[in-house]
Amino acid sequence: PIFFLYFSEQLGLKDLLLLEAIYYIAVVGLEVPSGYFSDVVGRKTTLTISSIFLVLACIFFIIGGSFIMLTVAQICFAVFMAFQSGTNTVFHFESLEAEGLAEEYGDREAKVGKWSMISAAVSALAGGFLGTYNLRWPFVASLVVAAIGLLLVLQFKEPIKSAENNQKANNLLSQLRITLDYLKQTNIAWLFSFYVLLYALVHIPYEFYQPYLKLLEAQGDLPIGKAPMMAGLMVACTSFIGAFVSGKSMDLKRNLGLKNLLLLSLLAMLFVVGIMGAALHTTMILLLLFRNTPMAAVRAPFNEAITPLIGASQRATFHSMLSLAGRLTFFAT
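Within the secondary structure, Ser-320 sits in helix α14 (residues 315-332). Its relative accessible area of 0% is what places Ser-320 among the buried residues. Separated by 236 residues in sequence, Ser-320 and Gln-84 place their C-alpha atoms 9.4 Å apart. Once you skip the residues sitting within four places of it in the chain, Ser-320 turns out to touch Glu-31, Val-32, Ser-34, Gly-35 and Ser-85.

In structure tokens form, the structure reads like this:
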């Protein structure tokens, strides 16, 4: 919850924005190649590389102190994000499929989303509290957790695939061509387009809520403490709300239907972004607590709908393309 505040403590706004740009360029450049790597080399190896670079990123963030050091940290963090993006979801589905539990994928994804957000909430509370005393301490705590995560990944087992599902593309270009062909299917194309739009919208309040809090702090309008503590509390509350919604997401899909759930989530996200842009006021903090809710509501139903439609040899590449398209759309926005 304090990365923007931590960077601004060491660098000017121009360098801070440049750091963010470097991160996004690195993620964009690595997104599809990392998905292809996952499809060709394997899920466990890809997630192991991701975990190693998260550990390295935390180390370089802790050292900090210069633009160069923080740039290295941002690039390492980009490798972590790119290599886990898509592969985590695919690894989950294929592990269940190997055990004959593929029909439980949607409900299990909802459970994963719920507990991921609960852990994020607890982390945000701790990070905001630690950041109030020293903005470097949350990165020290993150390093400890990242190291534990790496040890867990090393215990993973590669999902066993059938001979039919074990075919791999010969090269990256042919893999991309085969993967893009899936977008010729109308239902996949619509789901792809929806996710890309929602991804871009969700990232608008995510990127701007910390400077928003800083502006409120400058006006003397923060209801609790300083911006780092408020940011931690907000991320925690947002994650707890998102966790509750994620846990109910498959029930929402069954009750409303997938199309209606996607539409309502999109409208809710537009409302949050629109109101946030309209005014700078303390009451907007309450609205920002729901910025994760639309994505939390649709992530598991979306993954359940689209992942089984993609062949095993293109799944991670497809999810990487999905993430890449979302990032590029946010960049354009």
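The rest of the description comes next.
The first and last C-alpha atoms of helix α11 (residues 258-278) sit 31 Å apart over 21 residues, in line with the 30 Å expected at 1.5 Å per residue. Leu-261, Leu-262, Ser-265, Leu-266, Met-269, Val-272, Val-273 and Met-276 are the residues of α11 that are buried. One side of α11 holds all its buried residues, which, seen down the axis, span an arc of 130°. Projecting away from the buried face of α11 at angles above 90 degrees are the exposed residues Lys-259 and Ala-278.

Attention now goes to the pattern of salt bridges. Two side chains with opposite charge may pair up if their charged atoms get near one another. For the structure shown, the criterion picks out 10 salt bridges. For Glu-97, the salt bridge is made with Arg-315, and the minimal N-O distance between the two is 3.8 Å. With a gap of 218 residues between them, Glu-97 in helix α5 (residues 87-98) and Arg-315 in helix α14 connect regions that are remote in the sequence. On the basis of relative accessible area, Glu-97 is assigned to the partly exposed category, the value being 33%. Residue classification places Arg-315 among the buried residues on the basis of a relative accessible area of 4%. For Arg-254, the salt bridge identified is with Asp-107, shortest N-O distance 3.0 Å. Of this pair, Arg-254 sits in helix α10 (residues 227-256) while Asp-107 sits in helix α6 (residues 105-133), and the two are 147 residues apart along the sequence. Note on Arg-254: relative accessible area 47%, which makes it partly exposed. In this structure Asp-107 comes out as partly exposed when scored by relative accessible area, which is 36%. Through salt bridges with shared partners, a single ionic network connects Asp-39, Arg-43, Glu-94, Glu-97 and Arg-315.

Analysis parameters
- Residues numbered from 1 in each chain as written.
- Predicted model: local features only at pLDDT ≥ 70, side-chain atom pairs only at ≥ 80, totals over all residues.
- Heavy atoms only, no water.
- Helix = DSSP H or I, 4+ residues; strand = E, 2+ residues; numbered from the N terminus.
- Buried < 20%, exposed > 50% of the residue type's maximum accessible area, 1.4 Å probe, protein only.
- Contact = heavy atoms within 4.5 Å.
- Expected span 1.5 Å × (residues − 1).
- Arc of directions from axis to C-beta.
- Salt bridge = Lys/Arg side-chain N within 4 Å of Asp/Glu carboxyl O.

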